Amino acid sequence: MNGLIGRKVGMTSVYDSKGKNVACTVIEIGPCVVTQVKTVETDGYTALQLGFGERKEKNTPQALSGHFKKAGTGAKRMVKEFKDFKGLQKQLGDVIRVDEVFAEGDKVSATGVTKGKGFQGVVKRHSFRGVNDATHGQHNRQRAPGSIGACSFPAKVFKGMRMAGRTGGDQVKMPNLKIVKVFPDENLLVIKGAVPGHKGSFVIVEK
Amino acid sequence: MDAIKFVNEKMLNIPSYPNFRSGDTIMVTYKIIEGSKERLQSFRGDVIQIKGKGGTKTFTVRKISNGVGVERIFPYSSQIITEIELLKRGKVRRSRLFYLRELVGKKARIKEKRTASSK
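These numbers were taken from a predicted model, which means no experiment stands behind them. Counting starts from 1 at the beginning of each chain's written sequence and moves along it residue by residue. Chains and ligands are labelled by the order in which they are written, letters from A for the one and numbers from 1 for the other. Confidence filtering applies because this is a predicted model: local features only for residues at pLDDT of at least 70, side-chain atom pairs given and counted only at 80 or more, and all residues used for totals across whole chains, interfaces and linings. Remark: hydrogens and water are excluded; side-chain values derive from all non-hydrogen atoms of the structure.

A. Representation of the pairing of strand 2 (residues 21-29) of chain A. All names here are of chain A. Pairing between strands is defined by DSSP: at least two bridges between the two strands are required. Segments assigned H or I by DSSP are reported as helices when at least four residues long, segments assigned E as strands when at least two residues long, and all are numbered from the N terminus. By the bridge criterion, 9 bridges tie strand 1 (residues 3-15) to strand 2 in an arrangement that is antiparallel. Within strand 2, the residue paired with Met-11 across the bridge is Thr-25. Between strand 1 and strand 2, which pair antiparallel in sequence order, lie 5 residues; one of them, Gly-19, sits at a positive phi of approximately 85°. Note: strand 2 against strand 11 (residues 188-192), 5 bridges, orientation antiparallel. From the neighbouring strand, Val-26 faces strand 11, where its bridge partner is Val-190.

B. Representation of the environment of Phe158(A) in the model. By the element assignment, Phe158(A) lies in the loop between helix 4 (122-126) and strand 9 (165-167). Partly exposed residues are those whose accessible area sits between 20% and 50% of the maximum for their type, while under 20% is buried and over 50% is exposed, using a 1.4 Å probe and protein chains only. Exposure remark for Phe158(A): the relative accessible area of 49% places this residue in the partly exposed category.

C. Main features of the pattern of salt bridges. Think of a salt bridge as a Lys or Arg side-chain nitrogen and an Asp or Glu carboxyl oxygen that are within 4 Å of each other. Scanning the entire structure with this criterion turns up 9 salt bridges over all chains. One salt bridge in this structure joins Asp106(A) and Lys207(A), with 3.4 Å as the shortest N-O distance. Of the two residues, Asp106(A) is situated in the loop between helix 3 (98-101) and strand 7 (107-113) and Lys207(A) in the segment after strand 12 (202-206); the sequence distance between them amounts to 101 residues. Lys207(A) sits in the partly exposed class, given a relative accessible area of 41%. The salt bridge partner of Arg89(B) is Asp24(B), with a shortest N-O separation of 2.9 Å. Here Asp24(B) lies in the loop between helix 1 (2-11) and strand 1 (25-34) and Arg89(B) lies in the loop between strand 5 (81-88) and strand 6 (90-91), a separation of 65 residues in the sequence. Assessed through its relative accessible area of 31%, Arg89(B) is described here as partly exposed. The class for Asp24(B) is buried, based on a relative accessible area of 2%.

Okay, structure coming up:
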């Protein structure tokens, strides 16, 4: 999979060729540097490991610091491996820019960590409907989950029962997003639709 | 934020319409596409809300049509808008005029703002 690492900048809306308003996410993507080249001989499969974002040397673990030194790239914030990176012959330390990987109209997927929502009830967390009635004998049950199981058989609550709890902060992949525009000089990517995460969070875009 | 601004500048054709505000009476002329045919229609009313800023802002126009209040939200950079005409400056004390929804008849009028040039 060919891909790059980026940061979510925010959302806006643009107009397509038919004059329709399209909600878009702007991603500051790359330039990424090759921090490791994996080959069949050495690793059993082919892959490119890319690094993105600056990081202070003093905040980098020594093991990682040595890894970056080997590639001659300087410390990076985020490192991600892309299996079977096709079409590009890249050496250790090479820079990959947006226009080498993505073009306008490509279908891509975007992976990010969703916004953390804290401890939430079942209505928000699992889209339960709650009780839609405030009358007919209901008392503070509007957003309650209802029954969580039967009686003396099975005499337990099944594992995986959907309940309230920590919501958000999960890694989510949004597939089939269309690239509306690529700005190679500014390292910007405009993608149709929403992308997981808050502004400034890391996003992995794959083709 | 700058990147968003940059994308908006590059990708939106931000038109230059007369500078209208909430409370102003405007006439929006816009295209209607029916199958392959295209015709113009206009919507005349009071601006009751302007939302957002820059190229992605939208505005709401309210009018009374056959005794029924009708509101329409237009995106400012929408390509279907051909013209916006500023008819009257309104004298209002707030930027969102939702109180007009509860008023009918003479009470729902907006006082005209008298400026030196209009006298």
